[in-house]
Amino acid sequence: LIPLLLCVVAKHPEGRVRDKLLNILFNLIKRPDKKQRQVIMSACVAIAKLMGSSQVECELLPQIWEEITHKHYERRLLVAESCGVLSPYMPAELRSSLMLSMLRQMLCEDKAESVRQAVVRSLGVIVAFTHDEDKFKEFWELLLRALSDPSRLVVSSAYTALLPALAAWAAEQDSLHSNLLSYFLHQMLNCVKQVARSDGESGAVEQCLHQIATLTHLIPWHYVTFLYSNPDADPQSPDPTLQHEVSFPKAASPLLDVRVIVGDEGRLQACVEAFERAVAAEAFTPWKCLDWFSKEYLTKVVKVSVALGFSQLELVHSLALLLSTYCSYLGHTFTHKVIIPFFEKSLSLPKHNTAVALADGHTQITTPVLPIYIAGVLACFAKDEKMLVEYLRSITVELALSFAPLDSIKAAVLELKREKRFHQLILNMLQQLAGHPSFQVRSYTALLYGSVVSGVDDKLLKTCVVPQLKKLASDSDMNVRINTIPSFGTIMEAVTNKDVSALPPPVHSAPLLLPPPP
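Model, not experiment: these values are computed from the prediction.

Moving on, we come to the overall build of the protein chain. Scanning the protein chain from terminus to terminus reveals 25 helices and zero strands. Relative to its 518 residues, the protein chain shows a buried fraction of 51%. In the protein chain, 73% of the contacts between residues at least 6 apart in sequence involve partners at least 24 apart. With an accessible surface of roughly 24,500 Å², the protein chain has 54% of that area assigned to carbon and sulfur atoms.

Attention now moves to a nonpolar patch on the surface. Residues Met 478, Ile 482 and Ile 485 make up a contiguous nonpolar surface patch of about 260 Å² in total accessible area. In this fold, Ile 485 is placed in helix 25 (residues 478–494). Given a relative accessible area of 46%, Ile 485 falls into the partly exposed group.

With 174 residues, the main nonpolar core has Tyr 297 and Phe 343 as its most contacted residues. Top contributing element to this core by residue count: helix 9 (residues 152–172), with 12 residues. What Phe 343 contacts, discounting residues up to four positions off in sequence, is Leu 298, Val 302, Leu 323, Val 369, Tyr 373 and Val 377.

Turning our attention to the side chain of Arg 481. Along the polypeptide, Arg 481 turns up in helix 25. An unpaired buried charge is present at Arg 481: no salt bridge exists, and Asp 475, the closest side chain of opposite charge, is 5.9 Å distant. In this structure the side chain of Arg 481 is engaged in a polar contact, spanning 2.7 Å, whose partner is the backbone oxygen of Asp 475.

What follows covers the side chain of Thr 225. Note that Thr 225 resides in helix 12 (residues 219–229). Here His 222 takes part through its backbone oxygen, which lies 2.5 Å from a polar atom of the side chain of Thr 225. Setting aside anything within four residues of it in sequence, one finds Thr 225 in contact with Ala 171, Leu 176 and Cys 289.

Glancing now at the pattern of salt bridges. Close approach of charged atoms allows side chains with opposite charge to pair. Evaluation of the coordinates by the stated rule reveals 15 salt bridges. Taking the shortest distance from any N to any O, the salt bridge between Glu 385 and Arg 421 comes out at 3.1 Å. With a gap of 36 residues between them, Glu 385 in helix 20 (residues 385–401) and Arg 421 in the loop between helix 21 (407–416) and helix 22 (423–434) connect regions that are remote in the sequence. The class for Glu 385 is partly exposed, based on a relative accessible area of 22%.

Notably, Asp 174 is not glycine yet its phi reads approximately 55 degrees, a positive angle. By the element assignment, Asp 174 lies in the loop between helix 9 and helix 10 (176–197). What makes Asp 174 exposed here is its relative accessible area of 58%.

A word on the packing of helix 19 (residues 369–378) against helix 21. Taken N-terminus to C-terminus, the directions of helix 19 and helix 21 make an angle of 25 degrees; their axes are 8 Å apart at the nearest point. Overall, the two elements helix 19 and helix 21 adopt an arrangement that is roughly parallel. The handedness of the crossing between helix 19 and helix 21 comes out as right-handed. Of the residues in helix 21, those touching helix 19 at Leu 370, Pro 371, Ile 374 and Ala 375 are Ser 408, Ile 409, Ala 411, Ala 412, Glu 415 and Leu 416. When the residues that make up the contact of helix 19 with helix 21 are grouped by side-chain class, the tally is eight nonpolar, one polar and one charged.

What counts and how
Residues numbered from 1 in each chain as written. Predicted model: local features only at pLDDT ≥ 70, side-chain atom pairs only at ≥ 80, totals over all residues. Heavy atoms only, no water. Helix = DSSP H or I, 4+ residues; strand = E, 2+ residues; numbered from the N terminus. Buried < 20%, exposed > 50% of the residue type's maximum accessible area, 1.4 Å probe, protein only. Contact = heavy atoms within 4.5 Å. Areas by Shrake-Rupley, 256 points an atom, 1.4 Å probe, with all protein chains shown as cover. Patch = residues over 30% accessible without salt bridge, like charges linked within 9 Å, V, L, I, M, F, W, Y side chains within 5 Å. Salt bridge = Lys/Arg side-chain N within 4 Å of Asp/Glu carboxyl O. Core = buried A, V, L, I, M, F, W, Y, C linked by side-chain atoms within 4.5 Å. Lys, Arg positive; Asp, Glu negative; His and termini not counted. Polar contact = N/O pair within 3.5 Å; in protein donor to acceptor, adjacent residues only side chain to side chain. Axes fitted to C-alpha atoms, helices over the stretch in contact; angles between N-to-C directions. Parallel < 35°, antiparallel > 145°, perpendicular 65-115°, else oblique. Left-handed = near helix turned anticlockwise from the far one by under 90°. Nonpolar A, V, L, I, M, F, W, Y, C, P; charged D, E, K, R; others polar.

Here you go:
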């Protein structure tokens, strides 16, 4: 029936008859499912191609407009999806006026999350065909509304469709960092401050996670701006003798895939090689885009981390993941030349009264900056594992000898423990520290063992954790012995295997002397 309707609509000379036939097309199925909607939309596209833009405006769009408040959400869903597939065949002024107005109304008013989700996807398509810079602000406001939608489906579509479309537009205008990135960095800092003020209220935490997730989704586009802004970038195909496989983290959607963004494998290869050559050069000087990243972006991440505190480890994990994703894209050389030196400077200790500053918690080493740096940067590349363990060991000793708070080290261990490849490395480090000559280092080590229990398999617990804790439970220093008790308690709570959770020998200490009765 639909092909027949198409032929008659295309050939009939009377507009009144065409209007009735189009009305039949949209009312053919009372509640069209996904497959049926696709058939109807394909028919709409075919009609749009045959009619031309003027007839589409006068005859097809009014039919769509009539369905915008239909009582059945499937019909409204058809409207939202049709706007996206028809946008390439619409006049530019119509896309950015009537069609945009329809989608805005549905995003703001429709109660069905599937309809709003389709609206967001269609908005992403319309952005790709819009070149009027004055419209950027309107799309930007719709993006922010979509990102704050109560439905996770709508937010997910905003991340994977509308956000990449606006990122592409901002990148063309050379304003990705000044518009999108700067805005979401500022919002992230405000959200973290709100989390601190609200004492971890769930709504504030959720909002903060959204801001971090948005920045994480923008990384592929940010990386491409690094490649394109390289003064030595060569758009030609790379030298075959220099080619090596280029790999990137798995993209959340095709529009966030670097290969799709660049569009040509040869050009991508050439840009990546030019970027790596420039960064590896002995006289490497960051160009404007990279300079902004190191001076503005990373500085804001550190401010956010300092303001965070340790009450919300989920946020610590999200920030570590943000940095890890950047390192994965930018590569090992850039990480060691730019990112690691930045954090080393941020985490550097004062030259005078170091122990006092550490004990009072007046350094960034005792803030979430440390676990975010360790888990997000040092843990990113397998070849840096030795450097990671040595750094973690030295910082633990430094904090222990200064009687500093242990929270940052615990948070770092908890973050590293998320990946199984680090379990043995952490336990090897703790074994070394368990034999340290300083009683305070051994005391801190006894406490840290409790942080590695959950998530570590029973074999490692039985061979690497319990034996070391038993040794520490017999330590000559009473503080060390006492600090093994919480770790043993954690084992007994978390482990059901009786062979692993065997009780330690009693903690030997001097008998408690009570004063004689009066």
